[in-house]
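# Notes for the structure review
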Amino acid sequence: MTPGSGLQAGLKNRHLSMIAIGGVIGAGLFVGSSTGIATAGPGILLSYALVGTLVVLVMRMLGEMSAANPTSGSFSAHADRALGRWAGFSIGWLYWFFWVVVLAVEATAGAKILEGWVPAVPQWGWALIVMIVLTATNLVSVGSYGEFEFWFAGIKVVAIGAFVVIGLLAVFGVLPGVDADKASFGNLTSHGGFLPHGPGAILTGVLLVVFSFMGSEIATLAAGESENPQQAVTKSTNSIIWRIGVFYLGSILVVVSLLPWDDASIAKDGSYVAALNSLGIAHAGEIMNVIVLTSVLSCLNSGLYTASRMAFSLGERGDAPKAFARVNSRGVPRTAILASVVFGFVAVFFNYLSPDTIFLFLVNSSGAVALFVWLVICFSQLRMRKIIQREAPEKLVVKMWLYPYLTWATATLIVGVLVYMLFDTEHDGRQTVLLSLLVAAIVLVIAVVRQRLAAARPAPAAESPADKVTIG
């Protein structure tokens, strides 16, 4: 493939499989679950189940569209075709913004762990090192990204799988050499009941855990650089149910069964460390730090990849500078990667210079983007199904269940979560939604203005990239 002719199929089947499996396991699962448990008690399982169901349904819709038309722009390209240029532009840039802010958050989280191990290097130094290394990885080739992610995700998967197996053996009292005196399924109901803070805590728990699921859609973006995109999308879509069931519901069930939900060690040490400590596993804290660091590096690696591919797609469709759509001889969109990482570096800088103002604004203003993305996927699928049926019905190898009723129900549930967030002042839900809506409104205005200016200009001789999007 010659330079500048497009992305290359550098991801192998094993890369795609592990990206799909590991994509649903974010660092937020390890570091954020203790807050959810404290808020909802064992009922947090229902919160995870509710969000997990939402993700399964959204991924089914996205899988339907992506299997018919695999593209690096994924849902942004589908929104472009189904809803209009304004929709593809808006959700594409919002998604890019979300991931470049995540780069800064995860780089800081990883730097804190590394500084604890090697305090001679300051935290900002570790953040810089981590960002540089993973930027270099992404610049080499898509295959190097895939290889790094294969091992990062592999460690996460093995770690959580082992945690679930060991934990369940302890709960059933058959783990040799371990005296887990607190371990019992009775912990699910014995300390104030399954819902110690009432049914309303389930929805509050949803607000706390929903953002740890962001990343499940990465496999549909990466599929465009695989040898068999349609097969990759179909496989990742069909496996999402067991992935969420094992890694999220399974591991949280183990935590709240090994220990009472109100055990002080969960809030003090973190849910997973507290669970490991209850089994008498030596150096549980350090073991979990290694796993969390791996998750952070995986999230950084995937975040940079995802942001750059979205930027590439926007450039290809004329919604970003044309330089973003250029690739080098190895099929790498170098400018898109560098532009994404520069913003990430700036955000890291703000995290140290102004953590409570500018950086806090960046984090909160990108917080609800996941829900916006899912909502756009719902509305895109409602329109795209009709387009695919009309133009290429043989491409419907993945179908959304109970269309269109389940799609509308999913969209209604997402809107319900956003509305509930507007009334949540205790966990900054209202601030997150309002700031995210502000940023979304700004991007939307830019999109509409661009579209009207483009319509006012004389029609070009050739079609724009967005007009040439076809099914298949």
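The model shown is predicted, which means the values in this text are computed figures rather than measured ones.

Glancing now at the overall build of the protein. For the protein, the helix and strand inventory stands at 19 helices and 0 strands. Whereas a compact globule of 472 residues would reach a radius of gyration of roughly 23 Å, the protein reaches 22 Å, a difference of no more than 12%. With the principal axes as the frame, the protein shows a C-alpha extent of 75 × 55 × 40 Å. Residue burial in the protein is summarised as follows: out of 472 residues, 57% are buried. Summed over all atoms, the accessible surface of the protein reaches about 18,900 Å², with 66% contributed by carbon and sulfur. Between the centroid of the 28 positive side chains of the protein and the centroid of its 25 negative side chains there is a distance of 13 Å.

Attention shifts here to a nonpolar patch on the surface. Taken together, the side chains of Val 165, Leu 169, Phe 172, Val 174 and Phe 185 make up a nonpolar region of the molecular surface, amounting to roughly 460 Å² of accessible area. Of the residues examined, Leu 169 reaches a relative accessible area of 33% and is grouped as partly exposed.

In the structure shown here, the tally under the stated rule is 1 cavity of 30 Å³ or more. The calculated volume of the largest cavity comes to roughly 40 Å³. Leu 103, Val 130, Met 131, Leu 134, Thr 135, Leu 300, Leu 304 and Val 341 are the residues that line the largest cavity. For the lining of the largest cavity, the elements supplying multiple residues, two or more each, are helix 6 (123-140) and helix 14 (284-316). Counting residues per element, the lining of the largest cavity draws most heavily on helix 6, which supplies 4 residues. The residue inventory of the lining of the largest cavity, partitioned by class, reads 7 nonpolar, 1 polar and no charged.

Moving on, we come to the side chain of Ser 313. Checked against the element boundaries, Ser 313 lands in helix 14. Here Arg 317 takes part through its side chain, which lies 3.0 Å from a polar atom of the side chain of Ser 313. In contact with Ser 313, other than residues within four places in its own chain, are Ser 72 and Gly 73.

Within the secondary structure, Arg 60 sits in helix 3 (residues 44-68). A distance of 2.7 Å separates a polar atom in the side chain of Arg 60 from the backbone oxygen of Lys 399. Those residues in contact with Arg 60 that sit more than four places away from it in its chain are Thr 237, Asn 238, Val 398, Lys 399, Met 400 and Trp 401.

Considering all chains together, one arrives at 18 aromatic pairs under this definition. Ring geometry for Phe 98 and Trp 99: centres 5.2 Å apart, planes at 85 degrees, overall edge-to-face. The buried category is assigned to Trp 99, whose relative accessible area is 3%. Look at Phe 150 and Trp 151: their rings are 5.2 Å apart centre to centre, the planes differ by 85 degrees, and that puts the pair in the edge-to-face class. Aromatic ring contacts, followed pair by pair, group Phe 89, Trp 93, Trp 96, Phe 97 and Phe 343 into a single cluster. We note Arg 385 situated over the ring of Tyr 403; from NZ or CZ to the ring centre the distance is 4.3 Å.

On to the nonpolar core. Counting residues in each nonpolar core, the largest one holds 150 residues, and the members touching the most others are Phe 75, Tyr 95, Trp 99, Val 373, Trp 374, Ile 377 and Ile 414. Of the residues forming this core, the biggest block, 19 residues, is contributed by helix 5 (residues 85-117). Among residues more than four places away in sequence, those in contact with Trp 99 are Met 214, Gly 215, Glu 217, Ile 218, Cys 299, Gly 303, Thr 306 and Ala 307.

In the structure shown here, the tally under the stated rule is 8 salt bridges. For Asp 80, the salt bridge identified is with Arg 317, shortest N-O distance 3.1 Å. With Asp 80 in helix 4 (residues 74-82) and Arg 317 in the loop between helix 14 and helix 15 (334-353), the pair connects residues that are 237 residues apart, well separated along the chain. Here Asp 80 falls in the buried class, since its relative accessible area comes to 6%.

The next point concerns the environment of Arg 334. With respect to the element layout, Arg 334 can be found in helix 15. Excluding residues within four positions of it along the chain, Arg 334 makes contact with Leu 139 and Arg 326.

Here helix 17 (residues 369-391) spans 31 Å end to end across 23 residues, near enough to the 33 Å set by a 1.5 Å rise per residue. Along helix 17, the sharpest change in direction is near 30 degrees and occurs at Gln 381. By the criterion of burial, helix 17 is predominantly enclosed, with 17 of the 23 residues buried.

Before going further, it helps to examine the confidence of the model for the protein. With 95% of its residues at a pLDDT of 70 or more, the protein shows a mean pLDDT of 86. The secondary structure element of the protein with the lowest average pLDDT is helix 1 (residues 13-22), at 76, and the one with the highest is helix 17, at 94. Below pLDDT 50 for its whole length, residues 1-5 participates in 10 contacts with residues either more than four positions away or in separate chains. The low-confidence segment residues 466-470, where pLDDT is below 50, has 8 contacts with residues more than four positions distant or belonging to other chains.

Turning next to unusual backbone geometry. In this model, Tyr 403 is joined to Pro 404 through a cis peptide bond whose omega is 0 degrees. Among the secondary structure elements, Pro 404 is positioned in the loop between helix 17 and helix 18 (405-422). The phi dihedral of His 283 falls on the positive side, at around 55 degrees, and the residue is not glycine. Relative to the helices and strands, His 283 resides in the loop between helix 13 (271-278) and helix 14. With relative accessibility at 63%, the residue His 283 sits in the exposed group. For Leu 402, which is not a glycine, the phi torsion comes out positive at approximately 50 degrees.

This part is about the packing of helix 3 against helix 4. Two quantities define a packed helix pair, namely the angle between the axes and the distance from one axis to the other. Contact geometry of helix 3 with helix 4 gives a least axis separation of 10 Å together with a crossing angle of 80 degrees. One element, helix 3, and the other, helix 4, form an angle in the roughly perpendicular class. Counted together, Leu 62, Met 65 and Ser 66 of helix 3 and Ser 74, Phe 75 and His 78 of helix 4 form the full contact between these two elements. Tallied by class, residues from the contact of helix 3 with helix 4 come to 3 nonpolar, 3 polar and no charged.

What counts, and at which threshold
Throughout, residues of each chain are indexed from 1 in the direction in which the sequence is written. Thresholds applied to this predicted model are a pLDDT of at least 70 for local features of residues and 80 or more for the giving and counting of side-chain atom pairs; totals over whole chains, interfaces and linings are not thresholded and use all residues. As a convention, hydrogens and water are excluded, and side-chain values are obtained from all of the structure's heavy atoms. Numbering of helices and strands starts at the N terminus; helices are DSSP runs of H or I of at least 4 residues and strands are runs of E of at least 2. Each radius of gyration is computed over the set of C-alpha atoms, and the globule rule expresses the reference value as 2.2 Å times the number of residues to the power 0.38. Burial classes: relative accessible area under 20% of the type maximum marks a residue as buried, over 50% as exposed, and values in between as partly exposed (1.4 Å probe, protein chains only). For the accessible areas, the method is Shrake-Rupley and the probe is 1.4 Å, while residue cover comes only from the protein chains on display. Counted as positive: Lys and Arg. Counted as negative: Asp and Glu, with His and the chain ends omitted from the count. Charged side chains are reduced to one point each, which is NZ for Lys, CZ for Arg, CG for Asp and CD for Glu. Like charges are joined within 9 Å and nonpolar side chains (Val, Leu, Ile, Met, Phe, Trp, Tyr) within 5 Å, but only among residues with over 30% relative accessible area and no salt bridge; these make up the patches. A pairing counts as a salt bridge when a side-chain nitrogen of Lys or Arg comes within 4 Å of a carboxyl oxygen of Asp or Glu. A pocket here means an open set of points on a 1 Å grid, computed over the protein atoms alone, that has protein on both sides within 12 Å along at least five of seven lines. A cavity is instead a set of points where a 1.4 Å probe fits but cannot get out; residues with an atom within 4 Å of a point line either one. Grid points are joined across faces, edges and corners, and a volume is the space filled by probe spheres set on the points. In this count, Pro and Cys sit with the nonpolar residues alongside Ala, Val, Leu, Ile, Met, Phe, Trp and Tyr, while Asp, Glu, Lys and Arg are called charged and the others, Gly among them, polar. A 3.5 Å cut-off defines polar contacts: any pair of N or O atoms within that distance qualifies, except that in protein one atom must be a possible hydrogen donor and the other a possible acceptor, and neighbouring residues in sequence count only when both atoms are side-chain atoms. The contact criterion used throughout is that any non-hydrogen atoms of two residues lie within 4.5 Å. A pair of aromatic rings is counted whenever rings of Phe, Tyr or Trp (Trp by its six-membered ring) have centres within 6.5 Å, and the orientation is called stacked for planes under 30 degrees apart, edge-to-face for over 60 and tilted otherwise. Lysine NZ or arginine CZ positioned within 6 Å of the ring centre and within 35 degrees of the ring normal marks a charge as sitting over the ring. We call a set of buried residues a nonpolar core when its members are Ala, Val, Leu, Ile, Met, Phe, Trp, Tyr or Cys and they connect through side-chain atoms within 4.5 Å of each other. Here the expected span of a helix is defined as 1.5 Å times the quantity of residues minus one. Two axes define the bend at a residue: one fitted to the seven residues ending there, one fitted to the seven starting there, and the bend is the angle between them. Confidence scores labelled pLDDT are given residue by residue by the predictor and lie between 0 and 100. Between N-to-C directions, angles cover 0 to 180 degrees, with each direction set by a line fitted to C-alpha atoms, over the stretch in contact for helices. Roughly parallel means an angle under 35 degrees; roughly antiparallel means over 145; roughly perpendicular covers 65 to 115; every other angle is labelled oblique.

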